[in-house]
Amino acid sequence: MQELKKIIIFSMPFLKRRMPLIFSGLIAGFLFGAFNGAYLFILKAAIDNFSSSPKPSTAVVAPSKNHFYQKALNELGRWLPKAKEPLDWKRICGGILLLPLIATIRGLLRILNSYFMTLAAAKIVADLQTAILSKLHSLSLDFFHKSTTGDLAVRILNDTKAFYDSVSVLFTDVAKDPITIAIILFSCALIDWRLTILAILLVPGCIIPAVTLARKAREASMGIISYSVAQSNLLFESLSGIHVIKAFCLEKKNIDTFRHQANELAKHAAKMTISGTMVSPMIDIVASLALSLLILCVIWQNISIANMAAVANGAILFFAPIKRLADANVKIQEGALSARRLTDLLDTPSTIVEKPGASSIKAFKKQIEFANVSFSYGNELVLKNLSFVIPKGKKLGIAGRSGAGKTTLTSLLLRFYDPISGAILIDGEDLRNLKIADLRNLFSLVSQDVVIFNRSIAENIAVGRAGATRQEIEQAAKMAGAHEFIEKLPQGYDTLIGERGVKLSGGQRQRLSIARAFIRNSPILILDEATSSLDSHSESVVQQAIYELEKGKTVLIIAHRLSTLADCDEILVIDKGQIVQRGNFGELITKEGLFRSMAIHQGIVTNSFEGIPS
Ligand SMILES: Nc1ncnc2c1ncn2[C@@H]1O[C@H](COP(=O)(O)OP(=O)(O)OP(=O)(O)O)[C@@H](O)[C@H]1O
C-alpha cells in the first residue's frame, strides 16, 4: 500500500494533465465490472430455465427486498430457452445471442479500458522522460561531476520503463479489478451468499503469497538496478576509451568484468521472474481448492445447479482479477523503487539558478571585474581572493602551472559555478543578478576540447547561433579558414561528421569551433588552450583564424605556450589559485618570478637576463 501511495504521489503532477483519458478508462473499467455481473445473472437464468422446476432463490436478501432482483431474473428468463415450453423468437434470439452479446460488450469494454489507460500511462511516462531531460539540462555542472553516465542512462531508460510498467498496471488492473471483484462478489452474493462467503474465505490464501513474492521481487529489482548501472558505466567507459583499453591490453579484464555483471544481472532477473510468475500458479491452486470446496458445499447444502454454475463461473471471473492484482503488486514494487530514484533526480536542486526578476543584458559596454573572488569545488580553495579588471576591447592573458585554477576562472565567468565569496561583475552588475542565457550569449568559448555533434558540418557550425543561414555558415567557415577543407568533403557542408560520420583532424575540428565563434559573434571571447593540441602547421593556420576572430572583441586567453600571450594587454600569472604576478609580456619576462621561470622551461628565454625574444 505504501508503495502504491509512493507511485501515486510521484505521478500526481503528471496525472493531472491526462485526467480525461484516465476518466474514460475508469468508466470503461467500471462498466466492464458491471457486465461481469450481468454475465453471471444470464448464466443463472439460463440454467434455471433449463431445469423444469427451478429451486427458489437462496439469496441473502428477504423476498420483499428481493423483488427487483426476482423481477429482473424473471424478465431475463423470458428471453432464454425454457424446458417444456415452446421456442418462440424471443427465446431463440435470446438463447443464441444474449451470452455472446454480453461477452462482446464485456470484451469491448476491456479493450477500451486498456486502450485509454495504456495511452494515459504512455503519455505520463513521455511527460516524465521530458521532465527528466529538462531537469538534467537545468542542473549545474557539479551534479554531472558527481554522477556517472551509466547511472543517468539507467534512470532515464530503465527506471522510466519500470515506472511505466507500474503506472500501466495501476491504471489498467489496479483501477479496474477492485471494481470488477466487488461487482462479481455482489452478484454472487445475490445468487448464493454461502458459496460467496466460501470464495471470500480463500482470498487470504492468495494475498499472503502475493505479498511475500512481491517483496522478493523488490529485492531482486534492487540488484538489477545496481548491476545495470555498473554495466552501463563499464559500457560507456569501454566505448569512449576504446583506444586506451586496446593500448593497455585491458580487453580481457573488461570482458571478464562485464561477464560477471551480466551473470549477476541474469541471476537477479531470474529471481524476479520466478517471484513474479510463482504468484499465478499459487492463486490457481487456491482457485482449484475453492472450486472443490464449492462442489462439496453444493452437495452438502443441496444447492441448485444453476446457483452452483453461476457462482463457480463467478469464482473463475473473480480469481482472474485477483491474479492480475497480485502480478500488479510485483510491478508496483519495482516501479516504486524506480520512482524513488527518479524523485531523487527530479528533486536535486540546481546550484546555479536564475533569480526571479533577473536583469537582462544584451550588450557588453565597459568592463568585467573580479572582486575578491574565492571558489572551491569541495574542501580546498581553488581560487583565492582574485581581483582584476578586463576593460572592454582589451586582451587579458592567464598563465600558470597545470591545476593553478585557470579554467575554473573561465567557468565562473560563464556562471557554471558561483564564487563562494566575492563577486564577478559585468558592467557593474553581479553575474548572479543577470539572466543566465543573456550572460552566456555575451561569450564565445573556444577550448582545447572541441565537441562535435553527430550532425552535418553546417549544423555543427550553426550550433554557434540558432537560425543561422547557409550563407552565414559559409561566411563563418571562410573566416575560420575551414571553407577549403569542407568543400573537399564528399557532401561539402552537408557531410555528416561526429561519431557515425567523417572523422576530422584536430586542426579541422578546431577551425570548426572557431567558425562557431565567428557565427556567434559575441563581444567577449574566451580562448582556453585553443591551439595547444595542434601541430605547428595546424597551429599557424588556426592562429591566423583566431587573430581574425579576436578583432574588435574583449579577449580572455589561457595558454600554456607563453609565446601565444605576447600581444596581451595584461597577463595574470596564477599559482595555487592566487595571482602571483601581473603585467605585460615584456615586463613579466624580464622579472624574476614564475612567468620567467616557465618561459625558461619553454626555451623562450635563457636563464640569464637577456630580455625579450623577437
Ligand atoms: N569539477 C571539479 N571538481 C573538483 N575539482 C576540480 C574540478 N575541476 C577542477 N578541479 C580542481 O581544481 C583545480 C584547478 O583546476 P583547473 O582545471 O581550473 O586548473 P587549470 O589551471 O585550468 O589546469 P590545466 O592547465 O591543467 O587545465 C585542480 O586542482 C583540479 O583538480
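Residues numbered from 1 in each chain as written. Predicted model: local features only at pLDDT ≥ 70, side-chain atom pairs only at ≥ 80, totals over all residues.

1. What about the site of the ligand?
Rules: Any residue whose C-beta atom, as placed from the backbone, lies within 6 Å of a molecule or strand is termed near it. Throughout, the ten residues Ala, Val, Leu, Ile, Met, Phe, Trp, Tyr, Cys and Pro are labelled nonpolar, Asp, Glu, Lys and Arg are labelled charged, and all others, Gly among them, are labelled polar.
Taken together, H145, Y377, V382, G400, S402, G403, A404, G405, K406, T407 and T408 make up all the residues around the ligand. Residues of the shell around the ligand, tallied by class, amount to three nonpolar, seven polar and one charged.

2. A word on the sheet that holds strand β9 (residues 570-575)
Formally: At least two DSSP bridges between two strands are required for those strands to pair. To qualify as a helix, a DSSP run of H or I must reach at least 4 residues; to qualify as a strand, a run of E must reach at least 2; elements of each kind are numbered from the N terminus. Every axis corresponds to a line fitted to the C-alpha atoms, with the helix fit spanning only the stretch in contact, and the corresponding angles, defined between N-to-C directions, vary from 0 to 180 degrees.
Taken in spatial order, the six strands line up as β6-β7-β8-β3-β9-β10 in an open sheet, and their pairing is mixed. Each having just a single partner strand, β6 (443-447) and β10 (578-583) make up the two edges of the open sheet. For this sheet, the mean inter-axis angle between neighbouring strands, taken without regard to orientation, is 20°. Direction of pairing for strand β3 (residues 395-400) relative to β9: parallel, over a ladder of five bridges.

3. Some remarks on the nonpolar core
The line we're drawing: By our criterion, buried Ala, Val, Leu, Ile, Met, Phe, Trp, Tyr and Cys residues that link up through C-beta atoms within 7 Å make up a nonpolar core. Here a residue counts as buried when 20 or more other C-beta atoms sit within 10 Å of its C-beta, as exposed when there are 12 or fewer, and as partly exposed otherwise, the C-beta atoms being derived from the backbone. We call two residues in contact when the distance between their C-beta atoms, placed using the backbone, is within 7 Å.
Counting 79 residues, the largest nonpolar core has V311 and A315 as its most contacted members. Within the residue set of this core, elements represented by two or more residues are α1 (2-17), α2 (19-50), α4 (89-138), α6 (149-191), α7 (193-201), α8 (203-240), α10 (251-301) and α11 (305-346). Ranked by residues supplied to this core, first place goes to α11 with 20 residues. Beyond its immediate sequence surroundings of up to four residues, A315 is in contact with A199, A287, A290, L291 and L294. Formed by 66 residues, the second largest nonpolar core is a distinct cluster that contains L409, L434, A515 and V555.

4. Considering the confidence of the model for the protein chain
In plain terms, the rule: Residue-level confidence of the predictor is summarised by pLDDT, bounded by 0 at the bottom and 100 at the top.
Per-residue confidence for the protein chain averages 83 on the pLDDT scale, and 94% of its residues sit at or above 70. Low confidence marks residues 54-65, where pLDDT is under 50. Its contacts with residues over four positions away, or in another chain, come to 19 contacts.

5. Topic: the packing of α6 against α11
Heads up, the condition is: Geometric relationships in this document are graded by angle, where less than 35 degrees denotes roughly parallel, more than 145 denotes roughly antiparallel, 65 to 115 denotes roughly perpendicular, and other angles denote oblique. For any pair of crossing helices, the crossing counts as left-handed if the nearer helix is rotated counterclockwise from the farther one by less than a right angle, and right-handed if it is rotated clockwise.
Between α6 and α11, the least distance of the axes is 6 Å, while the angle of their chain directions is 155°. With respect to α11, the axis of α6 lies roughly antiparallel. At the point where α6 passes α11, the crossing takes the left-handed sense.

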